[in-house]
Amino acid sequence: MERMPNPSRVLYTSWSSTLRLPKSTFPPRTSALDRAVLLKKCTDDLYSWQLHERPLNNPFVLHDGPPYANGSLHIGHALNKVLKDIICRFQLTQGKRVSFVPGWDCHGLPIELKALQQQQRKPENPALADDTRPDADAVMVRNIARELANRTVEEQKKGFREWGVMGDWDGAWRTMDRDFEIRQLEVFRRMVGKGLIYRRYKPVYWSPSSGTALAEAELEYRSDHESIAAFVKFPITKISDDLASKPGVDLANLYAVIWTTTPWTLPANKAIAVQENMTYAIIELPGGCQLLVAESRIPHLSKVFLREPVKFLVQHISGKELIGTTNYMSAFQDQIFGPQPFIHADFVSADSGSGLVHCAPGHGMEDYEACAKLGIEVFAPVDESGCFTRAALTRDPELLEGKSVLSEGTETVLDYLEANGHILHTHKYVHKYPYDWRSKLPVIIRATEQWFTDVGCIKDAALKALEDVRFIPDSGRSRLESFVKGRSEWCISRQRAWGVPIPALFHKASGAAVLTEGSVAHIISVIEKRGIDSWWTDAREDPAWVPPHLLDQSGETAYERGKDTMDVWFDSGTSWAMLRGPQSQDTGPLSDVYIEGTDQHRGWFQSSLLTYIAHQSAFKMSGPVLTAPFKTLITHGFTLDKDGRKMSKSLGNVINPSEVMTGTLLPPIQRKGNRARTTNNNGSVYDGLGPDALRLWVAGSDYVRDITIGTPVLKAVNASLHKLRVTVKLLLGALQDWDAKGIVDYEKLSQVDKMALLQLSTVNRTVLEAYRSYDFYKAVNTINRWVNMSLSAFYIEIVKDRLYADEPQSLSRRAAQTVLFQIYMNLLGMLAPVTPLLVEEAWHHTSAAIKNDTQHPLKRPYPLVQGEWNDQALASDLPSLLKANDAVKLAQELARNEKKLGSSLQSSVHLVFSSSDSDPSATYRLFQRYLVELESLFVVSSVSLHHLPIDRGFIDQAEWHFSTEFETVEGDKARAYVLPPAAAKCVRCWRYNVLTTSDAEETLCDRCTNVMAGINEMAHAFSGDCYEQTVARH
Ligand SMILES: [Zn+2]
């Protein structure tokens, strides 16, 4: 460039340098280094900022449902934690002071089993071999388990933080922390005081594989479990005189027929149950054998094993008549228990078996209930590994002893019955059966002495409390209610080492248990001093653990500490106690939201509800209504692969969240140099968009259902994230010289500008409503659609000309910037909960002029729309205008297909309406009102309006023309014609609106001539150096 330029020559050679083309430092991708800085700013820094800046009296609490501290992170964790974070970040935009303290569930069997495996791998440890502490094994297991849990917590925490989840990570709680355990024991103590904890010898779900009792929440039901079912006959030893006197009835040949799917429970049989209101019959088989069965079951029995036509001896015997009058002999315990009774039970039905039900109160919950009322004792000759004890068959103890009831034991029982003539028929039977959710092996029901929580007593209050809870989705309510209704007690003791001890003491000689509010308080005080491990490490006879009143005069004690630990659901269920002071008597919901997977209805949601209700009821004998710990309860589905299958290691379809962030699940891209992209060993480069990609996938999913993840959805996520980045870059470029002083009042904006604000205000409200109702995918879809359609394909296309070619300080250009500024701040505000890194990064590249004037988009309230933006007149006109726009675009596409048209500006548009000059339709008048802006709206060089009939001359004479029909909102037909422009092209702005007939090589339109005049004036006013810089910069 010349030192002292002749302005006309400079401009002549470089028109584009006189345009204000958008410029921004915002990169297409973020470098790893930048990402780390941004991540800290939009998580840790933001979280602590709001703790200091937001008012204490406007809190929002999201209580973290603790993940289990075992195993590595999977995509389900990402769904859960990112949803929580979106909720918290939205609340931040609502002016709340957010509290999210992450937690971990650390105790329990899976970690204990891992610890046991480790312990077995190094049995030769001499230091451990000499260990003479009372529970050396338990101590060792606890140490290893604690170490394992500790390590996992740290690994998981690192992963969670990489997802952009903000919270009090340094203040995170773990169920194995001292403070947590003390709070939990305090809750337990109150429940003991209220009489809600008791010990009983009764059947519980028992896992032979884990060697412990299980709660219902720890069961999984499999519907393909196969058992051997049997019809068995037991000799009847006594019947009513009336029946005995019936002709043909022979007591010596009379048998009661029962049907069981668990023949291994027959040695524990204590009664036969019938239904009072059913009728029974005595029938005779060929050979003289007489059977007592329900009349309604005879057709079924005939099919299964009777085969011959039935000979009735007695019919219409009422169930009532059998109760109290009839006795029978068990095939196993006849010598021990003698004759056993017939009893009534409601659960006997006419739908299965023989209508007589074998009762083993030691191995069935219903059996237990029916027998307990009658004082029939529990008998359970099965040990903790699920094998028969000697008591199962006293006349031949070795036959059953040590045999597993679920395999060999069942076979031996059946063989024994067969050999003694008790079997009528056996068959395979496939049915629903409970399995241990951890070991995936079948459980049994077995009577043991366990600690229970009395749920029956707090159930009604719990159900009442749920009435005030908001459920998302609604179906969660009935699901949680049904789990609560279906439970009357909660077995809370586990025979494991890795957990919080049940603080019970036992009398050494009698085995009698001591568990009172006072004894628990005493034990808590010792744990506070000595730590919880000393429960296992202290000498068995250490009197410090025993309340003073249970010590004898010499200070010795006859009591020792129990060995059971608490159900881990009790641990995590009391985590609400972390939300308040340890001694606090707060009531009311402690957390605004609980959100977890649907499996937690029977797990954490339920245990949290029950423990909180129990706790409150311990304080408030009467008084205010008890509440759930949560105000809103949200459940999310599971994550499935792209084919809708569960993810599992064996299927090889497990997706690691980091793969979503590094983009390695998508095909590699091959473009030149960018540091942010992940390079793997093959040298392939992947489109890694970081945590925002993971978060956008979560936010865009309808999480109340099970959601899928795979290449197709991740491709779409990356594409929309790129689109957002491009849009942010465009907006930043357009606002490069934005100055708040140049802001244009709404009234002075063009109609097109007002349309953009109208669309923005609609989007803003829709997105806000979606966030409020936790429908994040609706928010994301609305933002994406708006960015793609209303912004990129519409408004930004429209205002490019003004932004680039108008005089920089002109009203029209400042108007466009005014609108784009609102759009930019709104876009960042709406994206803040979902893609905080993108927002943080955009802000980093935002001009100081904007930053000085506006609050950080992650810190400011959700963007407000101004009432005037919602212009109703415009809103009713807009659909017609957009229809015409679509028609124009379509006609242009036709022209492009024929290679007639390049830029949209290369068209002149003629809209032809069906009304007449003398009587213009409403639609015609509408378009007339907007006529001056239609060029700009359609991004074409000229627009004219016509009535029918038209003189087609100008159309037919045009070099080419294309047209499409469209229907106006009023229902009129209209047609849009696209023709080549009649005017010449302006060399600066490329619009075809130069009407000059001069054959000069380069012509300028009027607007550009004026702009150039301004630039020329400026050039004269400055020295050559300054001018050169001014021009070059743009
Ligand atoms: Zn021009």
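Residues numbered from 1 in each chain as written. Predicted model: local features only at pLDDT ≥ 70, side-chain atom pairs only at ≥ 80, totals over all residues. Heavy atoms only, no water.

Within the protein chain, the regular secondary structure consists of 34 helices and 36 strands. Taking 1034 residues into account, the globule formula puts the C-alpha radius of gyration at 31 Å, and the protein chain, at 40 Å, lies well above it. In terms of overall dimensions, the protein chain has a C-alpha envelope of 130 × 80 × 65 Å along the principal axes. Per-residue burial for the protein chain yields a buried fraction of 56% across its 1034 residues. Counting contacts in the protein chain only where the partners sit at least 6 residues apart, residues at least 24 apart contribute 76% of the total. Of the charged side chains in the protein chain, 114 are positive and 123 negative, and the gap between their average positions amounts to 4 Å. (Helix = DSSP H or I, 4+ residues; strand = E, 2+ residues; numbered from the N terminus. Rg over C-alpha atoms; globule rule 2.2 N^0.38 Å. Buried < 20%, exposed > 50% of the residue type's maximum accessible area, 1.4 Å probe, protein only. Contact = heavy atoms within 4.5 Å. Lys, Arg positive; Asp, Glu negative; His and termini not counted. Charge placed at Lys NZ, Arg CZ, Asp CG, Glu CD.)

Relative to each other, helix α23 (residues 711–734) and helix α27 (residues 836–844) sit at 20 degrees, their axes nearing to 11 Å. By the angle class used here, α23 and α27 are roughly parallel. Judged by the twist between their axes, the crossing of α23 over α27 is right-handed. Note on element contacts: α27 touches α23 through L838, E841 and A842, opposite L721, L724, R725, V728 and L732. A per-class count over the contact of α23 with α27 returns 6 nonpolar, no polar and 2 charged. (Axes fitted to C-alpha atoms, helices over the stretch in contact; angles between N-to-C directions. Parallel < 35°, antiparallel > 145°, perpendicular 65-115°, else oblique. Left-handed = near helix turned anticlockwise from the far one by under 90°. Nonpolar A, V, L, I, M, F, W, Y, C, P; charged D, E, K, R; others polar.)

In space, the 4 strands of this open sheet follow the order β6-β5-β17-β19, with antiparallel pairing throughout. At either margin of the open sheet sits one strand with a lone partner, and together these are β6 (212–214) and β19 (489–491). Each neighbouring strand pair of the sheet contributes to a mean axis angle of 65 degrees, computed without reference to strand direction. Of the pairings in the sheet, the one linking strand β17 (residues 444–454) to β19 comprises 3 bridges and is antiparallel in character. In the strand pairing of β19, T453 is matched with W490. The sheet strands contacting helix α12 (residues 365–372) are β5 (197–207) and β17, and the helix crosses β5 at an angle near 145 degrees. (Pairing = 2+ DSSP bridges.)

Moving on to the side chain of Q156. Structurally, Q156 can be placed in helix α6 (residues 136–162). Among the residues examined, Q156 registers a relative accessible area of 1% and is labelled buried. A polar atom in the side chain of Q156 sits 3.1 Å from the backbone oxygen of G71. Discounting residues that sit within four places of it in the chain, Q156 has contacts with P67, Y68, A69, N70, G71, L73, H77 and W104. (Polar contact = N/O pair within 3.5 Å; in protein donor to acceptor, adjacent residues only side chain to side chain.)

Moving on, we come to the sheet that holds strand β25 (residues 591–597). Judged by pairing direction, the sheet is parallel, and its 3 strands sit side by side in the order β18-β26-β25 without closing on themselves. The sheet terminates laterally at β18 (470–472) and β25, the two strands that pair on one side only. Geometrically, the sheet is characterised by an average inter-axis angle of 15 degrees between neighbouring strands, direction not taken into account. Inspection of the sheet shows β18 paired to strand β26 (residues 630–636) by 3 bridges, in the parallel sense. By the bridge assignment for β26, F471 is matched with L633. Here helix α3 (residues 75–93) sits on the sheet and contacts β25 and β26; the angle it forms with β25, its principal contact strand, is near 155 degrees.

On to the nonpolar core, then. Formed by 226 residues in total, the largest nonpolar core has its most connected members in F188, Y795, L820, I823, L911 and F938. When residues of this core are assigned to their parent elements, the largest contribution, 15 residues, is made by helix α25 (residues 776–805). Excluding residues that lie within four positions of it along the chain, I823 makes contacts with L731, A756, L760, W786, L791 and Y795. Core analysis: the next-biggest nonpolar cluster, separate from the first, contains 57 residues, A230, V274, I317 and A392 among them. (Core = buried A, V, L, I, M, F, W, Y, C linked by side-chain atoms within 4.5 Å.)

Summarising the metal site, the zinc ion is bound by the protein donors C986 (SG), C989 (SG), C1005 (SG) and C1008 (SG), whose distances to it range over 2.2 to 2.3 Å. Each of the 4 donor atoms bound to the zinc ion contributes to angles spanning 101 to 117 degrees, and the resulting shape is tetrahedral. Mapped onto the polypeptide sequence, the residues donating to the zinc ion form the spacing pattern C-x2-C-x15-C-x2-C. Of this pair, C989 sits in the loop between β35 (984–985) and β36 (992–994) while C1005 sits in the loop between β36 and α33 (1006–1021), and the two are 16 residues apart along the sequence. Here the two residues C989 and C1005 agree in accessibility, since each one is buried. (Donors = N, O, S within 2.8 Å, 3.2 Å for Na, K, Ca; no water. Tetrahedral: all angles 85-135°; square planar, octahedral: opposite > 155°, others 65-115°.)

According to the stated counting rule, one finds 30 aromatic pairs in the structure shown. Note on F188 and F570: the rings are 5.9 Å apart at their centroids and 80 degrees apart in plane angle, and the pair reads as edge-to-face. Pair noted here: F188 is in helix α7 (residues 178–193) and F570 is in helix α19 (residues 568–573), with a separation of 382 residues, a long-range link. Judged by its relative accessible area of 0%, F188 is buried. On the numbers, 5.6 Å between centres and 90 degrees between planes, the contact of F913 with Y924 is edge-to-face. Here Y924 lies in helix α30 (residues 922–929) and F913 lies in strand β31 (residues 908–913), a separation of 11 residues in the sequence. For K202, the ring lying beneath its charged end belongs to F452, and the centroid distance is 5.2 Å. (Phe/Tyr/Trp six-rings, centres within 6.5 Å; stacked < 30°, edge-to-face > 60°. Lys NZ or Arg CZ within 6 Å of the ring centre and 35° of its normal.)

This brings us to the confidence of the model for the protein chain. The predicted coordinates of low-pLDDT regions are not to be read in fine detail. Mean pLDDT over the protein chain: 89, with 93% of residues reaching 70 or higher. Counting interchain partners and residues more than four positions distant, the pLDDT-below-50 stretch residues 1–12 has 21 contacts. In the predicted structure, residues 1023–1034 sits below a pLDDT of 50 and forms 20 contacts with residues beyond four places in sequence or in another chain. (pLDDT = per-residue confidence, 0-100.)

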